[in-house]
Amino acid sequence: MNTVSTTHVAAPVRRWQAATEESAWVRRSLIGVALIFLALFLMLPLAVVLYGAFEQGLAVWLAAIVEPDAAAAIRLTLLVVLIAVPVNLIFGLAAAWAVAKFEFPGKSILVTLIDMPFAISPVVVGLMFVILLGNHGPLGQWLIEHGYRVIFSVPGIVLVIVFGTMPFVARELIPLMQEQGSEEEESSLTLGASGWRTFWHVTLPNVKWGVIYGVILCNARAMGEFGAVAVVSGRIRGETNTVPLHIEVLYNEYQFTAAFAVASLLAALAVVTIVVKSLIEWRDEQRRLAAVEGEQ
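The rules behind the values
- Residues numbered from 1 in each chain as written.
- Predicted model: local features only at pLDDT ≥ 70, side-chain atom pairs only at ≥ 80, totals over all residues.
- Heavy atoms only, no water.
- Helix = DSSP H or I, 4+ residues; strand = E, 2+ residues; numbered from the N terminus.
- Rg over C-alpha atoms; globule rule 2.2 N^0.38 Å.
- Buried < 20%, exposed > 50% of the residue type's maximum accessible area, 1.4 Å probe, protein only.
- Areas by Shrake-Rupley, 256 points an atom, 1.4 Å probe, with all protein chains shown as cover.
- Lys, Arg positive; Asp, Glu negative; His and termini not counted.
- Charge placed at Lys NZ, Arg CZ, Asp CG, Glu CD.
- Axes fitted to C-alpha atoms, helices over the stretch in contact; angles between N-to-C directions.
- Parallel < 35°, antiparallel > 145°, perpendicular 65-115°, else oblique.
- Left-handed = near helix turned anticlockwise from the far one by under 90°.
- Contact = heavy atoms within 4.5 Å.
- Nonpolar A, V, L, I, M, F, W, Y, C, P; charged D, E, K, R; others polar.

**Notes on the overall build of the protein chain**
Thought 1: Summing up its helical and strand segments, the protein chain has 15 helices and 0 strands in all.
Thought 2: In terms of C-alpha radius of gyration, the protein chain reaches 25 Å, well past the compact-globule figure of 19 Å for 296 residues.
Thought 3: With respect to the three principal axes, the spread of C-alpha positions in the protein chain is 90 × 55 × 35 Å.
Thought 4: Residue burial in the protein chain is summarised as follows: out of 296 residues, 35% are buried.
Thought 5: A total of about 17900 Å² of accessible surface is found on the protein chain, and carbon and sulfur atoms cover 69% of it.
Thought 6: Between the averaged position of the 18 positive side-chain charges in the protein chain and that of its 23 negative side-chain charges there is a distance of 4 Å.

Listed below in structure tokens is the structure:
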């Protein structure tokens, strides 16, 4: 009787182990496929960009970076990022706080609208703003009559980049705030703290790593945005060309070394973004392990 019981128990255990423990050759094959994929689609293009940028020496690379049109593109990109990232940081915090901490009519609609930039092509986004705010748009004529030009100028670039990067901070914070619940905020309010004090001293410290992660992704996307900016900027060289647009201009003019030199800046940003992201994830994992050990 005991033998039968042991057999019935051992069989499911063996099946469970077979389903969760792969052999060494399977694990190595999967790791090998992943490494080959990364080498072909990440490391190889990055190596090509860096080789093309520095093929003719550091002096040529530096000359391509400080060239007036390139410098203007870099300044414009930094200006747009300095506007778009803080705007989306404020929006992301407000939207995540509202969605995670409160119940209100239209909550599901707000969540859907936050995800909309992920579902719409950047070119379509640019076209939407041109139709709305262009010379023949319903708002564009009024703006031009009052001395405001949006399309084919810096404000239009800022608008499309803010729209395209809108979900990043909010999408990082919403699930994090929902997981944490609202018990700590309710306790703070019960003890007499104001709403702002509760936000600054309770809510924000609990989500600071999510905020940093969302800002990093938002910054990377803002610097690299191409499609929507290409539609609304007019591609005026030295005035409305951002770094990605300037790279395209240089490449189309067969200035390959200069194009690779400017592209190396965006490649460096991508590498820095990956490194910082990994450090944040490692730091967050260490914090969680320390919290678990403290509870035990």
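**Topic: the packing of helix α4 (residues 68-101) against helix α8 (residues 154-164)**
Thought 1: It is at 9 Å that the axes of α4 and α8 come closest, and there the two elements cross at 45°. Classified by the angle between their axes, α4 and α8 sit oblique to one another. For the pair α4 and α8, the crossing hand works out as right-handed. Where α4 abuts α8, its residues Leu76, Leu79, Val80, Ile83, Ala84, Val87 and Asn88 lie against Val154, Ile157, Val158, Ile161 and Val162.
Thought 2: Each residue belonging to the contact of α4 with α8 can be placed in one class, and the counts come to 11 nonpolar, 1 polar and no charged.

**Remarks on the side chain of Lys101**
Thought 1: As for its position among the elements, Lys101 is in helix α4.
Thought 2: Among residues more than four places away in sequence, those in contact with Lys101 are Ala96, Met177, Gly181, Ser182 and Glu185.

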